[in-house]
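The chain contents come next:
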Amino acid sequence: MTPGNYIRKRREAAGLTVDELALRLETIPAVSAMTRAQWLTMMETDVAPISISAINAIVSFISLDETVLDALALIRAGVALSSPQICIECGCSEHDPCCDEDGKPTCWWISEELCSCCVPLAGQAIAQ
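Right, let's walk through the structure included here. The residue numbers shown here count from 1 along each chain, following its written sequence. Two thresholds apply to this predicted model, a pLDDT of at least 70 for residue-level local features and 80 or more for giving and counting side-chain atom pairs, whereas whole-chain, interface and lining totals are computed over all residues. Derived side-chain values reflect all non-hydrogen atoms in the structure, with water molecules and hydrogen atoms excluded from consideration.

The next point concerns helix α5 (residues 66-76). Side chains that are three or four residues apart share a direction in an α-helix, a result of its 3.6 residues per turn. Within α5, the full set of buried residues consists of Val68, Leu69, Ala71 and Leu72. Angularly, the buried residues of α5 cover 160° about the axis, an arc narrow enough to put them on a single face. In what follows, a contact means two residues having at least one pair of non-hydrogen atoms within 4.5 Å. The helix count covers DSSP runs of H or I at least four residues long, the strand count covers runs of E at least two residues long, and both are numbered beginning at the N terminus. Residues of α5 that are buried make contact with α1 (3-13) and α4 (52-58). Of the residues flanking the start of α5, the one acting as N-cap is Asp65, its side-chain oxygen 3.0 Å from the backbone nitrogen of Thr67. Positive backbone phi, at 100°, marks Gly78, one or two positions downstream of α5. Each residue is assigned to one of three classes by its accessible area relative to the maximum for its type, calculated with a 1.4 Å probe on protein chains only: buried under 20%, partly exposed between the two thresholds, exposed over 50%. Regarding the arc, it is the one traced by the directions from the helix axis to the C-beta atoms. The definition of a polar contact used here is a pair of N or O atoms within 3.5 Å, where within protein one atom must be able to donate a hydrogen and the other to accept one, and adjacent residues in sequence count solely through side-chain atom pairs.

Before going further, it helps to examine unusual backbone geometry. A cis amide bond links Ile28 with the next residue in sequence, Pro29, at an omega value of 0°. Note on placement: Pro29 falls in the loop between α2 (18-24) and α3 (33-44). Even without being a glycine, Asp46 presents a positive backbone phi close to 60°. Residue placement: Asp46 occurs in the loop between α3 and α4.

This next bit is on the pattern of salt bridges. Salt bridge, as applied in this entry: a Lys or Arg side-chain nitrogen positioned within 4 Å of an Asp or Glu carboxyl oxygen. Applying the stated criterion to the full structure yields three salt bridges. The residue Arg8 makes a salt bridge to Glu12 at a minimum N-O spacing of 3.1 Å. Linking Arg8 with Glu12, this pair stays in helix α1, spanning four residues, or about one helical turn. The partly exposed category is assigned to Glu12, whose relative accessible area is 39%. Residue Arg10 is joined to Asp96 by a salt bridge in which the shortest nitrogen-to-oxygen separation is 3.2 Å. With Arg10 in helix α1 and Asp96 in the loop between α5 and β1 (109-111), this residue pair connects regions lying 86 residues apart in the sequence.

Here you go:
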């Protein structure tokens, strides 16, 4: 998983589209929501670098684990690390599990790449 893909998975798990997240983000200097959406898409596809200021803005609206993001960036840069355990469907990790409305963790690992909350989603994808 790449850093951009991780951010995309966490945004989707939060139930936000790129456009919805772009509308919530503020930039200095101010840029249009369309430009912010293009910038987010470029980050999520690993075309544009992900800056600290971008991460700080994004984590106000979606749950990201910066340790996981840092590890993915180092792996992408060629540093030999073992990949953190991340759900391939929602992007949750042991540091940032799926949670209920009260913030209590609701998932556990079903396999190396799939959390319990995403088992129904994975089954639907296989059936289609």
